[in-house]
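In case you want the letters, here they are:
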Amino acid sequence: PRTDCVVAEQLCLSDPTCNATYRTLENCALAKTRFLPLDHNSRVRCLNAELDLGNSSLLHCKCHRRMKRQEHCLRIFWTVHSSVTDGYFNLETSPYENPANEEHWKTDYNKLAALVSGKNCSQLAGDATNPCLKATHVCNLSKKCFRLRTDYASICTKGAGSEDVCDRRRCHRGLRNFFEKVPEDFTKRILFCPCQDEFCGERRRKTIVPDCSFQYNTKPNCLWLLDSCLEDHICKSRLADFQQNCQPADMSPDGCSLHNHAACLQAYMGMIGTPMTPNYVSNSSVEVSLWCTCESSGNQKEKCDQILGMFESNKCL
């Protein structure tokens, strides 16, 4: 069984040989995060250190999406796997385990509300025409969902839409807190509620308070967003998870290489609250995108288009 990376690190540090190898890998990862060029000998030493771990539990460890000390766990994972972070399309190994399955994601609104409130759901009857409003009311019946949703909404609204600049970093942290700590039965219903009209669609699009969490005054280049993401252990991990679980496959009937749409939607949800936060592009469709452009990408335009295409034209997603 795969070990938690925090536990695996403790086991490794108690063994002199493993300890020495791990310290080498830490130096390799540090050089990479500081964009320090490694000479040939250094690159060979780093690759050999990774190979020297062999069947160590450290090499095969994973992290849990809702675990305590998640950032520490992810730092350990990328220290051990630093050789696979050369570029976006090399982030093929997700540090997370146990993606969602389809059955787990099938939930009934009324049954959920009854479970939370301990009473019948007549108060939700009027929400039938607006599933997003209904999802919000169901969230409000849970103290935890209501509190954490109110928290991020309050943070992300300050300064948004006025001359003041909102605190995007705090807003992102609040969003991650909500999507990590509130049960997915609530969060997925709020984010993926099915809409038939623009009023509902607007509510869905504004779920993440896009004026603060999503939009800048001008669209940055997507490669800049990618660089910001790769410098952050959480964002890099969520991107790797997204790439693995939302990898499109043109020849596949369902458009997914892993044939697990629930895992893809879970991975998409994980991107919210990172520098590469996606969102719906309008009130009248379910198309999503990053807030970035590939204009002025020079000879890296193809790479830029691929990054944007993972969200804009991904059949699996």
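Read on for an overview of the structure. What you see as residue numbers is a count from 1 along each chain, following the sequence as written. Totals for whole chains, interfaces and linings use all residues, but because this is a predicted model, local features are given only for residues with pLDDT of at least 70 and pairs of side-chain atoms are given and counted only at 80 or more. No hydrogens and no water enter the side-chain calculation; it runs on all heavy atoms of the structure.

Turning to the overall build of the protein chain, a few remarks are in order. Think of it this way: any DSSP run of H or I at least four residues long counts as a helix, any run of E at least two long counts as a strand, and we number them from the N terminus. When its secondary structure is counted, the protein chain shows 15 helices and two strands. Throughout this description, buried means an accessible area under 20% of the type-specific maximum (1.4 Å probe, protein chains only), exposed means over 50%, and partly exposed covers the range between. Sorting the 317 residues of the protein chain into buried and exposed places 49% on the buried side. Residues count as neighbours in contact if any of their non-hydrogen atoms are within 4.5 Å of one another. The long-range share in the protein chain, meaning contacts at least 24 apart out of those at least 6 apart in sequence, stands at 72%. With an accessible surface of roughly 16300 Å², the protein chain has 51% of that area assigned to carbon and sulfur atoms. Here the accessible surface of atoms and residues is derived via Shrake-Rupley with a 1.4 Å probe, and residues count as covered only by protein chains that are part of the display.

Quick look at the packing of helix H4 (residues 70-80) against helix H13 (residues 233-245) now. Convention adopted: a line fitted to C-alpha atoms gives each axis, helices being fitted over their contacting stretch, and angles between N-to-C directions are expressed from 0 to 180 degrees. Close contact between H4 and H13 brings their axes to 9 Å; oriented N to C, the two are set at 70 degrees. The orientation of H4 relative to H13 falls into the category roughly perpendicular. Relative to H13, the crossing made by H4 is left-handed. Judged by residue contacts, Gln70, Glu71, Leu74, Arg75 and Trp78 of H4 engage His233, Ile234, Lys236, Ser237, Arg238 and Ala240 from H13. Charged means Asp, Glu, Lys or Arg here, nonpolar means Ala, Val, Leu, Ile, Met, Phe, Trp, Tyr, Cys or Pro, and polar covers whatever is left, Gly included. Class assignment of the residues belonging to the contact of H4 with H13 gives a composition of four nonpolar, three polar and four charged. Any angle that falls under 35 degrees is termed roughly parallel, while one over 145 is termed roughly antiparallel, one within 65 to 115 roughly perpendicular, and all others oblique. Crossings are sorted by hand: turned counterclockwise from the far helix by less than a right angle, the near helix makes the crossing left-handed, and turned clockwise it makes it right-handed.

The complete set of buried residues in helix H1 (residues 5-13) reads Cys5, Val6, Ala8, Glu9 and Cys12. Taken end-on, H1 shows its buried residues confined to a sector of 160 degrees, consistent with a single buried face. In H1, the exposed residues that point more than 90 degrees away from the buried face are Gln10 and Leu11. The opening residue of H1 is aspartate 4, an N-cap whose side-chain oxygen sits 2.8 Å from the backbone nitrogen of valine 6. Within this analysis, the arc is defined by the directions that extend from the helix axis to the C-beta atoms. Counted as a polar contact is a pair of N or O atoms within 3.5 Å, where, for protein atoms, one must be capable of donating a hydrogen and the other of accepting one, and residues adjacent in sequence contribute only when both atoms are in side chains.

Candidate patch residues must exceed 30% relative accessible area and have no salt bridge, after which like charges are joined if within 9 Å and Val, Leu, Ile, Met, Phe, Trp or Tyr side chains if within 5 Å. Any Lys or Arg side-chain nitrogen found within 4 Å of a carboxyl oxygen on Asp or Glu counts as a salt bridge. Under the convention used here, Asp and Glu are negative, Lys and Arg are positive, and both His and the chain ends fall outside the count. To locate a charge, take atom NZ for lysine, CZ for arginine, CG for aspartate or CD for glutamate. Residues Arg66, Lys144, Arg147 and Lys181 make up a contiguous surface patch of positive charge. Considering the arrangement of structural elements, one finds lysine 181 in helix H8 (residues 168-181).

Further remarks concern H13. Count 3.6 residues to each turn of an α-helix, and residues three or four apart come out pointing the same way. By definition here, a helix of n residues has an expected span of 1.5 Å times n minus one. Counted at 1.5 Å a residue, the expected span for H13 with its 13 residues is 18 Å, and the 18 Å between its end C-alpha atoms agrees. Across the 13 residues of H13, 11 count as buried, placing the element largely inside the fold. What H13 keeps buried is the set Ile234, Cys235, Lys236, Ser237, Arg238, Leu239, Ala240, Asp241, Phe242, Gln243 and Asn245. On its buried face, H13 is in contact with H4, H8, helix H12 (222-230), helix H14 (261-271) and helix H15 (301-312). Capping of H13 at its N-terminal end is provided by aspartate 232; its side-chain oxygen lies 3.0 Å from the backbone amide nitrogen of isoleucine 234.

Okay, the state of the cysteines next. Counting rule for disulfides: a pair of cysteine sulfur atoms within 2.5 Å. In this structure the tally under the stated criterion is 14 disulfides. Shown here is the disulfide that connects cysteine 132 with cysteine 193, its sulfur atoms set 1.9 Å apart. The disulfide joining cysteine 132 to cysteine 193 has a torsion of about 90 degrees about its S-S bond and is therefore right-handed. Of this pair, cysteine 132 sits in helix H6 (residues 131-140) while cysteine 193 sits in the loop between helix H9 (184-191) and helix H10 (198-205), and the two are 61 residues apart along the sequence. With respect to burial, cysteine 132 and cysteine 193 carry one shared label: buried. Residue cysteine 222 pairs covalently with cysteine 292 via a disulfide, S to S 2.0 Å. Between cysteine 222 and cysteine 292, the S-S torsion sits near 90 degrees, and that sign places the bridge as right-handed. Of the two residues, cysteine 222 is situated in helix H12 and cysteine 292 in the loop between strand S2 (288-290) and H15; the sequence distance between them amounts to 70 residues. Each of the two residues, cysteine 222 as well as cysteine 292, counts as buried.

Glancing now at the nonpolar core. What makes a nonpolar core is a set of buried Ala, Val, Leu, Ile, Met, Phe, Trp, Tyr and Cys residues whose side-chain atoms join them at distances within 4.5 Å. If you look at the biggest cluster of nonpolar residues, it comprises 53 residues, and the most contacted ones within it are Phe178, Phe242, Met276, Leu290 and Phe311. Ranked by the residues each element gives to this core, the list is headed by H14, at six residues. When neighbours within four sequence positions are excluded, phenylalanine 178 is seen to be in contact with Cys139, Cys145, Leu148, Arg149, Tyr152, Thr187 and Ile190. In terms of nonpolar packing, the next biggest core, distinct from the first, is built from 23 residues, Cys5, Ala49, Tyr96 and Ile234 among them.

The next subject is unusual backbone geometry. In terms of backbone geometry, most residues other than glycine have negative phi values and most peptide bonds are trans. Phi is positive for arginine 69, which is not a glycine, with a value near 55 degrees. With respect to the helices and strands, arginine 69 occurs in the loop between helix H3 (40-52) and H4. Of note, histidine 259 is a non-glycine position whose phi angle comes to about 55 degrees, a positive value. Following the sequence through the fold, histidine 259 ends up in the loop between H13 and H14.

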